[in-house]
Amino acid sequence: MLKERIQDYFYNHPNLRVLFFFDPEEAYLEEVKQLKFSDIIVKHYNNTPFTTKYELVCELKTEKVFLYLPMASPQNQEAYHNFPLMG
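All figures in this text were calculated on a predicted structure; none of them were measured in a lab. (Residues numbered from 1 in each chain as written. Predicted model: local features only at pLDDT ≥ 70, side-chain atom pairs only at ≥ 80, totals over all residues. Heavy atoms only, no water.)

Structural notes on the sheet that holds strand S2 (residues 40–44)
Alright, step 1. In space, the three strands of this open sheet follow the order S1-S3-S2, with parallel pairing throughout. What marks the edges here is a single partner per strand, and that holds for strand S1 (18–22) and S2. Going from strand to strand, the sheet's axes swing by 20° on average, the running direction of each strand aside. (Pairing = 2+ DSSP bridges. Helix = DSSP H or I, 4+ residues; strand = E, 2+ residues; numbered from the N terminus. Axes fitted to C-alpha atoms, helices over the stretch in contact; angles between N-to-C directions.)

See the structure below:
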């Protein structure tokens, strides 16, 4: 089910490069570990914002990336501005 939703999201938003998936309770962790795509890279965020941002901006700049983040999403404008992977 999750795999199809991810594919649909990228299909419906063809200019999207990185799909952030926040999962604070890690309810989808096992399902995400099993994900395999031919055209989407699955990345697990491991609390290394500089390294992750470098990978997204430089190494994976032409790829579509599903980024699994085992944390809560930013809940307000200030939190979005402080989130190191935005922008």
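Structural notes on helix H3 (residues 49–59)
Alright, step 1. Regarding H3, the residues found buried are Thr52, Glu55 and Leu56. The buried residues of H3 occupy an angular sector of 90° when projected down its axis, which confines them to one face.
Alright, step 2. Against S1, S2 and strand S3 (64–69) lie the buried residues of H3. (Buried < 20%, exposed > 50% of the residue type's maximum accessible area, 1.4 Å probe, protein only. Arc of directions from axis to C-beta. Contact = heavy atoms within 4.5 Å.)

Some remarks on the pattern of salt bridges
Alright, step 1. By the definition in use, this model includes two salt bridges.
Alright, step 2. Salt-bridge contacts for Lys33 lead to Glu30; the nearest nitrogen and oxygen are separated by 3.4 Å. Residue Lys33 and its partner Glu30 are located together in helix H2 (residues 29–33), separated by three residues, close to a single helical turn.
Alright, step 3. Linking Lys43 and Glu55 is a salt bridge whose minimum nitrogen-to-oxygen distance equals 2.9 Å. Residue Lys43 is located in strand S2, and its partner Glu55 is located in helix H3; the two are separated by 12 residues in the primary sequence.
Alright, step 4. Taking relative accessible area as the criterion, Glu55 reaches 18% and is therefore assigned buried. (Salt bridge = Lys/Arg side-chain N within 4 Å of Asp/Glu carboxyl O.)

Quick notes on the packing of aromatic side chains
Alright, step 1. Scanning the entire structure with this criterion turns up six aromatic pairs.
Alright, step 2. Residues Phe21 and Phe66 carry aromatic rings whose centres are separated by 5.4 Å and whose planes lie at 40° to one another, so their mutual orientation is tilted. With Phe21 in strand S1 and Phe66 in strand S3, the pair connects residues that are 45 residues apart, well separated along the chain.
Alright, step 3. The exposure class of Phe21 is buried, given its relative accessible area of 16%.
Alright, step 4. By relative accessible area, which is 0% here, Phe66 ends up buried.
Alright, step 5. These aromatic residues form a ring-pair network of at least three members: Phe21, Tyr28, Phe66 and Tyr68. (Phe/Tyr/Trp six-rings, centres within 6.5 Å; stacked < 30°, edge-to-face > 60°.)

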